[in-house]
Structures are given as structure tokens and as C-alpha cells.
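Structural characterization, general
One-letter residues, chain by chain:
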Amino acid sequence: MFFTCLQGKTRKQTGVLNLYIPGKKEKYNFIYTMVLAILVFMVGCSGGGVSATSEKVAEKLEIAVKYLTENKFEEAILTYQEVIKIDNLAVKAYQGLGKVYVLQGKFEDAQKIYQQGAEALKDKAFLQLRLSLAGMYIDKGDLKAAEQIYKEIISQNPTCIEAYQGLALAYQQQGDKQKARAVLEDAVQMNNSDSRAYNALAGYYIENNQKDKAWGLLVYSLSLDINQTEAYIALKDLYSENWEELIQESTGINDQNIASMLEFYALYESGKYQEAFTVYERQLKQNPNNQKARVLAGIAAFHAGDKTKALELIKGLRTDHQNEWVMADIARYFMLTGEKEKAIEWAKKSFEVGENIEAVKILYEIYSKDNSALAKIYVAKLVLYSWLPLSTIEQELYANSIEMPFQLSGNQFIKKEAKDIVKKILFEDEHVKKTSFAWKNIAYYDTKNNIAYQCFAFGLNGEFDFRAFAKIPFTTNKGVVYWEVTKNQLGKFTIFRIHNPKIYTADYVRTKLIPGDPSYNEISEFDEWISNNTIYRDNGQKVPNYIPVIKGNLPFEKYLEETGISTDSFVFADIN
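Below you will find a few notes about this structure.

Definitions and cut-offs
Residues numbered from 1 in each chain as written. Predicted model: local features only at pLDDT ≥ 70, side-chain atom pairs only at ≥ 80, totals over all residues. Heavy atoms only, no water. Phe/Tyr/Trp six-rings, centres within 6.5 Å; stacked < 30°, edge-to-face > 60°. Helix = DSSP H or I, 4+ residues; strand = E, 2+ residues; numbered from the N terminus. Buried < 20%, exposed > 50% of the residue type's maximum accessible area, 1.4 Å probe, protein only. Lys NZ or Arg CZ within 6 Å of the ring centre and 35° of its normal. Core = buried A, V, L, I, M, F, W, Y, C linked by side-chain atoms within 4.5 Å. Arc of directions from axis to C-beta. Contact = heavy atoms within 4.5 Å.

1. A short note on the packing of aromatic side chains
- Counted by the stated rule, this structure contains 17 aromatic pairs.
- Both rings, one in W215 and one in Y239, keep their centres 6.0 Å apart while their planes meet at 80°; by these two values the pair is edge-to-face. With W215 in helix α11 (residues 211-224) and Y239 in helix α12 (residues 230-239), this pair connects stretches of sequence that are 24 residues apart.
- On the basis of relative accessibility, which here comes to 13%, the residue W215 falls in the buried class.
- With 5.0 Å between their ring centres and 55° between their planes, Y232 and Y265 make a pair best called tilted. Of this pair, Y232 sits in helix α12 while Y265 sits in helix α14 (residues 256-269); the two residues are 33 residues apart in sequence, bridging distant segments of the chain. The same class applies to Y232 as to Y265, namely buried.
- An aromatic cluster of at least three residues, connected via ring pairs, comprises F264, Y268, Y273 and Y280.
- Over the aromatic face of W346 sits the side chain of K349, whose NZ or CZ is 4.0 Å from the ring centroid.
- Lying across the ring of Y378, K381 places its NZ or CZ 5.4 Å from the centre.

Okay, structure coming up:
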């Protein structure tokens, strides 16, 4: 998955023994034979030692990860250091050790180990550690230093998509969206046959609610690689609330293969499995390279009740066209059929090809039920060996309802994250201190427990004391319910815990629910919105209530604890 920008260089270097020169054929064939014989002899003499060293390194790397999932940070550090002494070219030892230091908030130690590894590795896996170093600077908050490293990588390796993505992230965190977009546009221009470049730019447009621009990029991305996963995930972000719209959009595509694939995918995702299977049989099965469609058609056939056809499709997959994403799809099929061991086997194959989130999601889902230690192992490997900043990885895990595999309570990084989230949710605005009525702010959504937190303030200046209590209406599927705020609760924050809330994408809210309402444009930067259905305005009008949401995988109370704020300062009201 990562560091594909290195592949071209590696391939060029594999031809160093091609010694043929016209007119000197016999001489150089002799030299070639002698060199090859010497190399075979050397490998034969030293192979046992090399193999033993590799096995020892692999074993210790596994031990280091296990230590971390048990929150034995110091033992993990010592183990990674041992690996570096055994083999100073073990890139994962530098990656893992550096990320452990970042987890602890020890940024100077992380910087030193990444630089040490980059110096030792030189050309071999050099970029992995440079990218990791830049990611560390983002976590530290030194965005200028991160920016500089990403620029250096791009200047030396213009095909490294990860560097463009990292630089765009650094610009976005500096609040410069124009520069972020320009960098991703450069990535497309310099890598116009790489689907990932188009996906990265499409992701930017999705985040900034420019659906039309994202759409064209995703269509072209799929024309470059139909078997990927990234573009399909982006399409789900765009159309999950209205798959019929995707079907309509696909009719305007000139490339019939892509148009049919998008129609098929929309039907599949909307649960219309028989219709999806019909589209596959009619228009897609004749393309043997479209392995993505074949796997999903197998799943669709299984859902539609044709288990024989489903198995036939899966067994007929071409082994030479299975990337990590297709392997993950196959694992999903076996999860559906209840063949857990086969699902694990394919998910592990996917993970070995590229440490990707799809494989981790499957392994986490399987192992969480009966082997939580193993579930943590695979998540930990994704965290430790990714080039992405730790903060970005954590957001990705939260978005997929995967817990961090480490208990990080008390370390600098988590405290900073908790502080940022709590600050956004709670009231620090002067406006609130001067008001005597409820005032909506950003909501927090605990994805794991499916609970939304919405904060209100009552009578902070005492002006609300003329009443014994206030009633706040919430509409649920059981009708309107009222939460009473009593007199002795005035002057406190009231945090409503809304269980099983409805979730809408920002685009769906704007286009389908509140079209033409300009009051929501100022908060369009948020990806998702949360709704408790309806609320009443002062004039008694019943209108939709949508507010921006921050997602996480922990209860909001946990974040309060991390920041040292006592829950006694709040009134918690549960709305079901």
C-alpha cells in the first residue's frame, strides 16, 4: 500500500548483471558466468546465517509489537533497539521505535531515530523514514519543518504520492487550502497514470464540498485501476445517502465499462443484490481483469440466495490479478459464508501485501470477538509502520470504529487531542457568558457506542432563575420528549447524551434537507452532521436541527478526564 514511489527505482537497479556488449559476446558471457557462480557460492556459504538473522529480526519485531499492545513501552523500546543492533538496515525497527516515541510525546527522540535510520539505510527504504519524520513533525505541531521535508522528497522523487498528500495535509493544518489543492493538482500532473493521485485530489474536493470536481477525478481514477478500493470509499462518502443519484450520474459516462461498474456498485451498496448481479452478468463478467466486480458479484449472489453461483465466482478469480484490496474483498466473502479461517487467511494475505485499513478492519472484527490480543496486534502494526502522522491514523481508526491498541492515558499526545476536542465542544465564547438561554455548539459523536453529545448552557449569569425549571424538547422516534433543567442545575453545563442519533453527510443536509439556507455555509468545513430530528424555534416553528459533529471512538467523559475536568461540573441528560 505504502511507498510505491520506490518501485520504479528498485526495478531499474535489478539489471546490473546485464553485461552484454555487441562484438564482445563470448568475453562478457564468460564474465557473467563467473560472477553468477561466485554469487551462488557466496549465497550458499552464508545463506544459513542470513536466514537465521532474518528470522531473529522478524521474531523480535513481533515481540516489540506485542509489548506495545500490553502497554509495556519500555520493553518495546529495548526490543526495537536490539533489532537495530542485530541488523541496522531493519527499516521496521526504526519506524516502530520512532512511532513509540511519538506515542509517548518524546518528539526529539523520535527525530533522532528517524534520522539515524535514514542515514543507515541511504537509498534502501530511505523515503519511508523521511516520510515518517515529516509525519512526526505534524504530530509535534512543527508544520514548517514537515513542509520542508515533504518538499525535499517531492523534488527528488516526484512520483512519491505520499509526499504530496503529506504536504497538502501540512498546508491544510496551516489553514491554507489553496496551497493544499495546488500540491494535489501537481501530484496529478506529475503522475497522470497513478489512480492514487486522482483519489487524493478528489478527497480534497469532497472535504470542501465540491462534489462535481471530485466526481470526474474518481471516474478517471477507476479507468486507471478498476480493482482499487480508495475510489469506491470516496464514492460511498458522496452517494451513501442516495445511490440512485450515482446510477443517474453513471449514464453520462462515455466509458461503458466504468458506467456499468458504477451502476453495479450503486445497486450492490444499496442492498439490491439481485439487480446488481444481473448487471454483472449482462455487462461486466466478460472483462476478466475486473476482479473487484467478480468478488462483489459473488457476495451479491450469496445474498440473493444463489450460493452455488457465489462460490463459482469466487473460485474463478484470477490469482495473477489479486491486489491487497481484492484479497480483502475475498475475506469479506468468507466472513459472510461463516468460513472464519478462510476469511482470516485472505485478510492476512491482504495485510502482507500492504498494511491496509481494509484488512485490519476484517481481522479486528474477527479477533475482537474471541482473541482481543491478536486484534490489537494488527491494529498496532498499522499504526507503527504507517508513514502517516499518528493523529491522522487515529482519526482513520476512529472513523472505522477501531480502538487504538495502546492505553495512552496521560501521555502528551492524547492530552493534546482531548484538549482540542473538549475545547470545540464546550463553551469558551464570551457570547455564552452573557446569555441566559440554550446555545447550540458543535456535537461530539462516539462512534463505538453510537452516542452523540450536545452541550447547552443555562443561566450562567443568573438571569434564568425566575423559573423553577426549563423544558428542552427533543423529538425521537417515540415522539417529543422534554428534559427538565431544575433550578439547582442552573449555572452548569448540561450535556445531552443522544443515543442512536441519525447521521447525515453534510452534502445530503445541504442539498436534500435544508436547500437554500445560507446560515449553514459558515460551517461547511465539517464532513458530517448530526441530527436529533427536530427542535422548536422561538416562534414555535418546528424545523430540522442539524449541527456539525466531531467523531471519536471514546465516550466524551473520557476526554474530560484527560483534560482534568471533573464530570461533576456537568449535568448529563440521556435522550433515547
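2. Thoughts on unusual backbone geometry
- Here the phi dihedral of N71 falls at roughly 65°; this positive angle occurs in a residue that is not glycine.
- Take N71: it is sitting in the loop between α2 (25-69) and α3 (73-86).
- Positive phi outside glycine occurs at N209, with the angle close to 60°.
- Along the polypeptide, N209 turns up in the loop between α10 (195-207) and α11.

3. Side note on the nonpolar core
- Of all hydrophobic cores here, the largest spans 143 residues; its most connected members are Y80, Y150, L235, L246, L262, F264 and L397.
- By size, the runner-up hydrophobic cluster in this structure holds 19 residues, among which are A418, I442, I495 and I550.

4. A closer look at the environment of K56
- Relative to the assigned elements, K56 resides in helix α2.
- Relative accessible area serves as the criterion here: at 44%, K56 is assigned to the partly exposed category.
- C-alpha separation for the pair K56 and I86, spaced 30 residues apart in sequence, amounts to 8.6 Å.

5. With respect to helix α17 (residues 307-315)
- Taken together, the buried positions of α17 are occupied by K309, A310, L313 and I314. Axial view of α17: buried residues confined to an arc of 135°, hence all on one face. Within α17, the exposed residues directed more than 90 degrees away from the buried face are K307, T308 and K315.
- On its buried side, α17 packs onto α15 (273-284), α16 (291-303) and α18 (324-337).

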